[in-house]
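A structural walkthrough
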Amino acid sequence: MASKELQSGSELLDQFSTFLLDCDGVLWAGEDVIEGIPEAIARLRSLGKKLYFLTNNSTKSRDQYAAKIRKLGIEGTTKDEIVGTAYATAKYLHGKAKKVYMIGEDGLKMELEAQVSAWEGQKSLYDRGGWVEDGA
């Protein structure tokens, strides 16, 4: 379905039960919440709207993102509302991969721990001193 221009904010709120919200640059810039976002999210929640916070940053787990969002003043955020690449990857691999080797950040590690029974890994192939031979 193609997007169409809506005539008013109330029309938007009336037509949709679920809202997908990108995080970086939409909810916050750097470590600062964008002005008016906590109030807008509170309004959506008060209307019973389902919210999902989306990120393509795999450095944090869903628990960590939920805590960050709450710290920014967006109350009531839970990990079940967070959809990130780390979670999506781990969820996708659940039941599909027998053993996984991961090279990535802690967020991916934490999500793999929750979804994939057999995995090993390290943070990076390259450490400041040179190539990493063993898992970190």
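Our structure is the block above this text.
We now turn to the structure provided with this report. Everything numeric here is computed off the predicted structure, so don't read it as measured data. (Residues numbered from 1 in each chain as written. Predicted model: local features only at pLDDT ≥ 70, side-chain atom pairs only at ≥ 80, totals over all residues. Heavy atoms only, no water.)

Moving on, we get to the packing of aromatic side chains. As enumerated under the stated definition, the model contains one aromatic pair in all. The interplanar angle of 15° and the centroid separation of 6.3 Å between the aromatic rings of Trp 28 and Tyr 65 together place this pair among those described as stacked. Taken together, the positions of Trp 28 in strand E2 (residues 28-29) and Tyr 65 in helix H3 (residues 62-71) put the pair 37 residues apart, joining distant regions of the chain. As far as the burial class goes, Trp 28 and Tyr 65 line up, both buried. Its end group placed over the ring of Tyr 87, Arg 62 keeps NZ or CZ at 3.8 Å from the ring centre. (Phe/Tyr/Trp six-rings, centres within 6.5 Å; stacked < 30°, edge-to-face > 60°. Helix = DSSP H or I, 4+ residues; strand = E, 2+ residues; numbered from the N terminus. Buried < 20%, exposed > 50% of the residue type's maximum accessible area, 1.4 Å probe, protein only. Lys NZ or Arg CZ within 6 Å of the ring centre and 35° of its normal.)

What follows covers the side chain of Thr 77. Residue position: Thr 77 is located in the loop between H3 and strand E5 (82-84). Judged by its relative accessible area of 2%, Thr 77 is buried. Within the local environment of Thr 77, its side chain forms a polar contact with the side chain of Arg 45, the two groups lying 3.1 Å apart. The residues touching Thr 77, leaving out its near neighbours within four places in the chain, are Arg 45, Phe 53, Ala 66, Ile 69, Arg 70 and Ile 82. (Polar contact = N/O pair within 3.5 Å; in protein donor to acceptor, adjacent residues only side chain to side chain. Contact = heavy atoms within 4.5 Å.)

What helix H5 (residues 106-115) keeps buried is the set Gly 107, Leu 108, Glu 111, Leu 112 and Gln 115. On an axial view of H5, the arc spanned by its buried residues comes to 130°, and they lie on one face. Looking at the buried positions of H5, the neighbouring elements they touch are H3, helix H4 (85-93), strand E6 (100-103) and strand E7 (119-122). (Arc of directions from axis to C-beta.)

The next thing to look at is the environment of Trp 119. For Trp 119, the location among the structural elements is in strand E7. In this structure, Trp 119 is in contact with Val 100, Met 102, Lys 109, Leu 112 and Glu 113, ignoring residues within four places of it in sequence.

For the pair H4 and H5, interaxial distance at closest approach is 8 Å and the crossing angle is 30°. On the basis of their axis angle, the class for H4 and H5 is roughly parallel. Here H4 runs over H5; the crossing is right-handed. Along the contact surface, H4 presents Ala 86, Tyr 87, Thr 89, Ala 90, Lys 91 and Leu 93, while H5 presents Gly 107, Leu 108, Glu 111, Leu 112 and Gln 115. Along the lines of polarity and charge, the residues of the contact of H4 with H5 split into six nonpolar, three polar and two charged. (Axes fitted to C-alpha atoms, helices over the stretch in contact; angles between N-to-C directions. Parallel < 35°, antiparallel > 145°, perpendicular 65-115°, else oblique. Left-handed = near helix turned anticlockwise from the far one by under 90°. Nonpolar A, V, L, I, M, F, W, Y, C, P; charged D, E, K, R; others polar.)

It is worth stressing that arrangement in space is one thing and function is another; only the former is reported here.
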